[in-house]
Every structure is written in C-alpha cells, then in structure tokens.
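Now for the letters of each chain:
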Amino acid sequence: MTDHHDRSAPPTAAAMRAAWDDAHDFDPRDPLVGLSRADMAGPQIGRRAVLRLMAAAGTLTVAHLLPRGPAMAQGKAGGTLKCGWAGVGQITTLDPAKMNQVLQFQITSNVLSGLTHINAELIAEADLARDWELSADGTEYTFNLREGVTFHNGEPFTADDVIFTYERSKNPAVSIHSRALGNVRGVEKLGSHKVRFKLVGPQASFLVKTTERSSGRVLTILNKTAIEKMGESAHGLMPVGTGPFRITQHVLAQNLTLEKFDKYYDPERPKLDRVIIQPILDAEPLAAAIEAGDIQLIGGGQIAPELIDRLVANKDLVVNIQPSPGFESIWLNPHREPFKVSSFDKPMAELMKEKGFMVRLAIAKAIDRELFIKQAEFGRGTPAHGSVNPAMAFYFDKELGKASLQRFDLAEAKRLMAAAGYPDGKGFPRLKVLLTPPMRRQVEVIRAILKRNIGIELEPVVKDIPVALDEFSTMEWDMVRIGSGGDYDPDDAIVDWMQTSSLFNGQKRDKAKYPFGYFSDKEADALIEEQRVEGNLEKRRALVQKADRITSDKVASAFLYHPATILIHRKQVNFPDASKIPALVDLDRTTLS
C-alpha cells in the first residue's frame, strides 16, 4: 500500500502489544465480544471498542495500532476541484433507491446523509444520528437525531424524514434495495428528533449496511417535499439532501457540479467551494486529462490497470492503493448453451454429470488466476474463488482457494471439456462477452488464457457501465465480465449477489422465460438468510463460509480476483487519511494547496 501522508511517531512496542492483547481478549461466542451496551452506543465508538470490533471481525492489523494522520487535510479552504469519473459516459441516476454502481454512491456520499457513515476503518459512526442505544436483546435501535440540520432546499431535518425514507425504501416498486429492510419490523417516531427501529432479530450489519449513507443506500435520507416538487426523474439527477455539498448543475454526459453547502451541520466542512465531476468513458483520455492537469483527481469506476504504472511514475501525481472490499467475476448464463443448467438444486455428483455444468466448471478451472492478475492487473489483486473478500478477514475463507472446485487445474479442465463434447475446444461455439470499457485488457487476457488452455474463442462486446449493468439484469447475454465493490459486510457480497432474490440476480429478466437469474440454490439461500440475523460471530462466520463455498463449487460465477482501490490525484490535492474509505471518494475534508 502506498501512503503519501505523514504519520506521527509510533507508540512503544510494549504499548502496541498491550493494545493488541486487549483487543483480542474476548470470548468469541459472545456477540458483543466483551463490550458493554454503553461501549456499543453512539455517536462515536471509543478506540478500545473499535480495536476490539476489528479484532473480532478479523480485520485488525498492526497498522491500525499506529496513530492516524490528521483528520483534516492541510491546506487552505476554498477553490474548485476538477474530477474525472472513470469508465462512465454519463451519471444516469443519483437516487439511492435506484443506484447500483459504486461510482454513483461515491458522488451521493458527498451530497446525501444517513443516520450513520462508515469511517476509514470501516466502523460506523454518527452522521444524522447524534447517538444511539441498542436494546439488551439486540433488536431495537433508538436513535437521537441531530438537531438544527437543514436540507439543501432549506427545510429542517426531523424524524418525519427518517419515517418517509423508510416507507419509500421498503417499497420494492420504488427501491431496488428494499430487501435490505427485510429484517426491520418497523420504525416509530418517539419525538421530533428521536426514532426507534425494531428488528425481527439481531442484525450484525445494521449500522454498517442498513443505516450507512453510501454503500447501504436503503436509508440514505431524502426530502419528501423536494421529490414531490421536482418529480422522481429530475430529483434522481439532482437529489436534495443534507450533505456537505449540494448539486447545482447536472448535464447528462457532461459535467456535474457540487457546491459547498454553507448550512452543513459541521461548520468545519466542507473545505472546497466547488467540485466539478466529468464522466470520462475511455482510459487514455482520462490519463491524459490528469497528466495535463485538466482534472485533479480520478474517481468513479476502476482505472484501466495498464495506466497505473505510468501514473505512479509521474512525479506530479499521488497514487494511493488500498485493498478493496469487492470481488470480480465472469458470469456464465445458465439458460444458454453450452453452459446450460436447468437447476442448481442438485447434489454435486448429479451436477457433475451434466454437460452444461462440466463446461462451467472447466472454464473456472482453466483460469490461472495468479497469471491473470500478473498480466491483466500488473500484480495488483488477490485470487478469488468466492464473493467474500479478504477485507472481511474474519469471514474470509483462507482455505477456499485450495478447497474450491474452481481451483486452477488445467488437466481436469481439459478432461471436463472433452467429457462435455468439446475436446480441445473443437465444436465449441464462439461466445460473446459483455464488458465495460475499463475491462478491455482483462478480457483480452482471459481470451488468451482460455484459448491457450481449452481452445475456446470469445468475442468482446464493450458497453458503457449503466448499459452493461442494465443488460446484465435481463439475462440476455452469453457471458459478462463484471464485479462488486463497496462490500464492507458479508451481506454486501452474498445477500446482494448470491441468493435467488438478490439485487443483482437477473431482476429484469423475463421470469416466464427464465425461472431464475444467474444462480439459484435453496441451501445457499437458507444459509445466507440465516447468517443475516445470527448474532454469534463464530456461527455467522461458519454460515457465511459454507454459503460462499457452495456458490464457489456450483460455479455461481467463475470468480477471478479481489481488486485494489486506487485513488489518483495531483499533488496539490490534499486528501487526508480520514477520507481514505475503501471504494469511496469523500471530499468534505479535501483541500487544495
């Protein structure tokens, strides 16, 4: 990881050892890991509790014991920051109920607010909630809301806005994220600035996923009056929130302008007067723009990997690389030959007899992931065999790469192809692979690997990210190269992707034609549902890993790699440690020199 910000002097080795031991001094069977309800209450969880939670989640490293850099960037306030948003031609919506791309909630995280927001250590802290309390049985969260908060249209923020957002978001006809509220029994208003959420059962991810303002989206707070006056479509392009910036202009396929909101609840933020975001679809124009200084920071989708070393070598730029919470895959349509599978609800022994499944597994086993990462990502990434990523270290299955049926085995891949009727790829149809512009190099590497290893030919079809995502949800494709980001909790990886009713699992398909999307397995569905409400960390981990292994062995997709978050900006941009939240681009603390 590259870190260009100074840190203050480290603590002594003895102090770090004591902090490490204290963080791990808990009974793993205790869902509160030895912390009291007071320790778990907001608005900010203390450092000892944070380290304990990170230890329990398996994400604690020695680096976390070192003091962080300054929370606020050095440099004077004011100025305009020009950003390029990679891999996209236009920002089609910023309505939290409709968003399905990381590059969208990177923007709304600067405009809209939630009750909580994750910090750089992936711990929830107060946003529009002033503080909160958790009931003894873990099923009721009572939030005291921040008073004196104003929406960008001048209306005051109250408990009614939380109720409105909840009612709107739980409607599946309005919000594609409504399932994220499946464990919420209801919310009641206890006063003008106090609400209580009642859950069906304890939910480990409630503060990190459900009430979180960016990646969570389902309870990102909106203003009823603004939606009624502007209409759903117009509001979707310029949503009204309470965030540090307000949107003053949005011209599709051109620029989106954010301006400092002078009435933001924290008078110290934001520092910048204005942020201009320009979607830039192709890699080379993006690189040329930041090299020339036409833009000063790159956000949005993944940056084409072939550009990274070139930009790292540029002395005028800062390149920050962090592990990214996500996974990348090749999706194989189970409703089409040659990898057709009528049902995944069968024992592995039966699936292994089906030619369609043999082909799916052969493709997954023919991919040398280490070679792919070296050639396509220039060594930046971790081989993936499931959707649960290494950033969720406690839940990440370190043995999956050795145990999964998808592990690289060329001889077995060739045998499966021959058994399916395609020895050395003979007779195998030429298949189209849908991809987005930043994935061009990756797909070329995959084409070469699969051609060399099992003799099959692929034809890339490049489409803009919103178009590709929309087509992905229809199931009208052969193969798709796409992945997930902003996965801070196992729910983001397996609830959103690996259940029959998952958000991304062919929701726009013709259901009469396709009874399920890209994957459906009753056992995986049940395990994923069970882990959502399991309060015991060890039990939840076992459920998560079992579900992850099923989706791997049954080839829900051919998993490729877990990527890195790469933030690039010019040296005059001061982007502090506190804003380095994996997958996000929070600009409220950013300054210009």
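Structure shown above.
Residues numbered from 1 in each chain as written. Predicted model: local features only at pLDDT ≥ 70, side-chain atom pairs only at ≥ 80, totals over all residues. Heavy atoms only, no water.

A. Seen up close, the packing of helix α12 (residues 355–366) against helix α16 (residues 440–454). For the pair α12 and α16, interaxial distance at closest approach is 10 Å and the crossing angle is 110°. Relative to α16, the element α12 lies roughly perpendicular. Between α12 and α16 lies a crossing of right-handed hand. Here α12 contributes A362, I363 and A366 to the contact with α16, which in turn contributes I449, L450, N453 and I454. Its residues placed into classes, the contact of α12 with α16 shows 6 nonpolar, 1 polar and no charged. (Axes fitted to C-alpha atoms, helices over the stretch in contact; angles between N-to-C directions. Helix = DSSP H or I, 4+ residues; strand = E, 2+ residues; numbered from the N terminus. Parallel < 35°, antiparallel > 145°, perpendicular 65-115°, else oblique. Left-handed = near helix turned anticlockwise from the far one by under 90°. Contact = heavy atoms within 4.5 Å. Nonpolar A, V, L, I, M, F, W, Y, C, P; charged D, E, K, R; others polar.)

B. Geometry of the packing of aromatic side chains. For the structure on display, the rule yields 22 aromatic pairs. Pairing F472 with W497 gives two aromatic rings, centres 6.4 Å apart and planes at 40°, and the pair type is tilted. Here F472, found in helix α17 (residues 465–472), pairs with W497, found in the loop between α18 (490–495) and α19 (522–532); they are 25 residues apart in sequence, far enough to count as distant. A relative accessible area of 2% means that W497 is categorised as buried. Linked through ring pairs, F327, W331, F472, W477, W497, F504, Y518 and F559 together constitute an aromatic cluster. Lying across the ring of Y265, R146 places its NZ or CZ 4.0 Å from the centre. (Phe/Tyr/Trp six-rings, centres within 6.5 Å; stacked < 30°, edge-to-face > 60°. Buried < 20%, exposed > 50% of the residue type's maximum accessible area, 1.4 Å probe, protein only. Lys NZ or Arg CZ within 6 Å of the ring centre and 35° of its normal.)

C. Structural view of the packing of α19 against helix α20 (residues 537–553). At their nearest, the axes of α19 and α20 sit 9 Å apart, and the two run at 155° to each other. In terms of axis orientation, α19 runs roughly antiparallel to α20. The way α19 lies across α20 gives a crossing that is left-handed. Contact with α19, carried on its side by E523, A524, L527, I528, E530 and Q531, involves R540, L543, V544, K546, A547 and I550 of α20 and no other residues of that element.

D. Up close: α19. Among all positions of α19, only A524, D525, L527, I528, Q531 and R532 are buried. Buried positions along α19 lie against α18 and α20. A distance of 3.1 Å separates the backbone nitrogen of E523 from a side-chain oxygen at the start of α19, and that oxygen is part of D521. (Polar contact = N/O pair within 3.5 Å; in protein donor to acceptor, adjacent residues only side chain to side chain.)

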